[in-house]
Amino acid sequence: MVYETDGKFLSSMNRELERRSPEDRTILGFVHGYNMTLSDATLRLTQFVQDSGFEGVPVLFSWASYASATRYVYDLNSALQSRVQMVTAADLLTRSNANRVDILAWSMGSFAIMEGIVYATTTGHFDRKNRLKNIILASPDIDLDLFRAQLQLIPEVVDDVYILTSKADYALKLSSLIAGRQTRLGQANIEQLEDLGVSVIDLSEVDDVGTKSHGKFAESPKVVQLIGRGLKETNSLGEVAGSEAVSLPSLLIQEPRR
């Protein structure tokens, strides 16, 4: 279905929300990563929703990936160009009748959403209804120094950011080589991120899909269930992860310093 206007899309979201029980009237906005077609992104989100038990309304934001492993720079520029449209889409989500909105961004999609948040914050358009709860960056393909600079521009957002990292991530190792061996946020050591004020969940030792996987957020049953609980509960993903640290010792949790 194609929505001719923003108003029709908003009405459709609200109808879907009304079909849910009050506690499930939430929205999950998903931003896909590099080298991914619209069909692949839709399948990835659909599978995640099914496996995580998410009962709210999932919404996919698809930017124009070239969907080729050799077009990394093309995708990087395309992700950057999408930030204005991303702000428009996010504004629609927060204007809906949802009780809360969570954002899950994967790989290069994390770069896109962070640039969108910076743009929205500096132009006064960020979360004007105060409904955004969690910003989850899964295997984020962002230069570590750039991420530090982005956080300095959005200080009021920092407490809501959760980073899923893995030092052995094969895709981010390749991305680091392309970037001149510069560390990517998603492969940084947990100690490198302790001064950023964000919550970090290190998945390096989660091995039910292989330690080198770039898609642990959706492929590892342990991680999918963890995120699913974080999206279901009224508290934050960080609190849920912390409560699960005993039963899931392969997770390393770092809460932000207050």
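Residues numbered from 1 in each chain as written. Predicted model: local features only at pLDDT ≥ 70, side-chain atom pairs only at ≥ 80, totals over all residues. Heavy atoms only, no water.

> Help me get a handle on the overall build of the protein chain, residues and values and all.
Looking only at helices and strands, the protein chain features ten helices and seven strands. The globule rule puts the C-alpha radius of gyration for 258 residues at 18 Å, and the 17 Å found for the protein chain is close to it. Burial statistics for the protein chain: of 258 residues in total, 52% are counted as buried. Counting only contacts in the protein chain whose residues sit at least 6 apart along the sequence, the fraction spanning at least 24 positions is 76%. Total accessible area on the protein chain is roughly 12000 Å²; 50% of this is exposed by carbon and sulfur atoms. In the protein chain, 26 positive and 33 negative side-chain charges are present, and the distance between their average locations comes to 3 Å. (Helix = DSSP H or I, 4+ residues; strand = E, 2+ residues; numbered from the N terminus. Rg over C-alpha atoms; globule rule 2.2 N^0.38 Å. Buried < 20%, exposed > 50% of the residue type's maximum accessible area, 1.4 Å probe, protein only. Contact = heavy atoms within 4.5 Å. Areas by Shrake-Rupley, 256 points an atom, 1.4 Å probe, with all protein chains shown as cover. Lys, Arg positive; Asp, Glu negative; His and termini not counted. Charge placed at Lys NZ, Arg CZ, Asp CG, Glu CD.)

> Explain the packing of aromatic side chains residue by residue, including any values.
What the rule picks out here adds up to six aromatic pairs. Cluster of aromatic residues (ring-pair linked, three or more members): Phe-30, Phe-48, Trp-106 and Phe-217. The positively charged end of Arg-71 is found above the aromatic ring belonging to Tyr-66, 4.2 Å away from the centroid. (Phe/Tyr/Trp six-rings, centres within 6.5 Å; stacked < 30°, edge-to-face > 60°. Lys NZ or Arg CZ within 6 Å of the ring centre and 35° of its normal.)

> Could you give me a rundown of the side chain of Thr-94, with the residues and numbers involved?
Here Thr-94 is to be found in helix H4 (residues 83-95). Take Thr-94: its relative accessible area is 7%, and that puts it in the buried class. A polar contact is formed between the side chain of Thr-94 and the backbone oxygen of Asp-91, at a distance of 3.1 Å. With residues up to four places along the chain from it excluded, the contact list for Thr-94 reads Val-101, Asp-127, Lys-129 and Arg-131. (Polar contact = N/O pair within 3.5 Å; in protein donor to acceptor, adjacent residues only side chain to side chain.)

> Describe in detail the pattern of salt bridges, supporting the description with residues and values.
All chains considered together, the criterion is met by twelve salt bridges. Among the salt bridges present, the one from Arg-100 reaches Asp-102, with a minimum N-O distance of 3.0 Å. We classify Asp-102 as buried; its relative accessible area is 0%. Here the salt bridges share partners, and the residues they tie into one network are Glu-16, Arg-19 and Arg-20. (Salt bridge = Lys/Arg side-chain N within 4 Å of Asp/Glu carboxyl O.)

> Please provide a residue-by-residue account of the nonpolar core, values included.
In terms of nonpolar packing, the biggest core is built from 44 residues, with Ile-27, Ile-113, Met-114, Leu-137, Phe-147 and Val-198 touching the most fellow members. In terms of residue count, helix H5 (residues 108-122) provides more of this core than any other element does, seven residues in total. With 25 residues, the next largest nonpolar core counts Trp-106, Ile-136, Ala-138 and Ala-218 among its residues. (Core = buried A, V, L, I, M, F, W, Y, C linked by side-chain atoms within 4.5 Å.)

> Break down unusual backbone geometry for me, with residues and values.
With a phi close to 55°, Asn-130 is a non-glycine residue in the positive phi region. Locating Asn-130 in the fold gives a position in the loop between H5 and strand S4 (132-138).

> Now, about the side chain of Asp-169: what can you tell me, with residues and values included?
Topologically, Asp-169 is positioned in the loop between strand S5 (161-165) and helix H7 (170-178). Side-chain polar atoms of Asp-169 contact the backbone nitrogen of Leu-172, separated by 3.1 Å.

> I'd like a rundown of the packing of helix H1 (residues 6-18) against H4, residues and numbers included.
Helix-helix packing is described using two parameters, namely the angle between the two axes and the distance between the axes. Close contact between H1 and H4 brings their axes to 10 Å; oriented N to C, the two are set at 45°. By the angle between their axes, H1 is oblique relative to H4. Helix-helix and strand crossings are classified by hand; for H1 and H4 the assignment is right-handed. On H4, the residues touching Asp-6, Phe-9, Leu-10 and Met-13 of H1 are Thr-88, Leu-92, Leu-93 and Arg-95. The class makeup of the residues in the contact of H1 with H4 is five nonpolar, one polar and two charged. (Axes fitted to C-alpha atoms, helices over the stretch in contact; angles between N-to-C directions. Parallel < 35°, antiparallel > 145°, perpendicular 65-115°, else oblique. Left-handed = near helix turned anticlockwise from the far one by under 90°. Nonpolar A, V, L, I, M, F, W, Y, C, P; charged D, E, K, R; others polar.)

> Quick rundown of the pairing of strand S3 (residues 100-106)? Include the residues and the values.
Most of S3 is tucked away, with seven of its seven residues classed as buried. Here six bridges tie strand S1 (residues 26-31) to S3, and the two strands are oriented parallel to one another. Residue pairing in the sheet places Ile-27 in a bridge with Val-101 of S3. Across five bridges, S3 lies against S4 in parallel orientation. Paired with Ile-103 across the bridge in S4 is Ile-135. Traced from S3 through H5 to S4, the parallel crossover comes out right-handed. (Pairing = 2+ DSSP bridges. Right-handed = clockwise from strand over helix to strand, strands pointing away.)

Keep in mind these numbers describe shape, not what the thing actually does.
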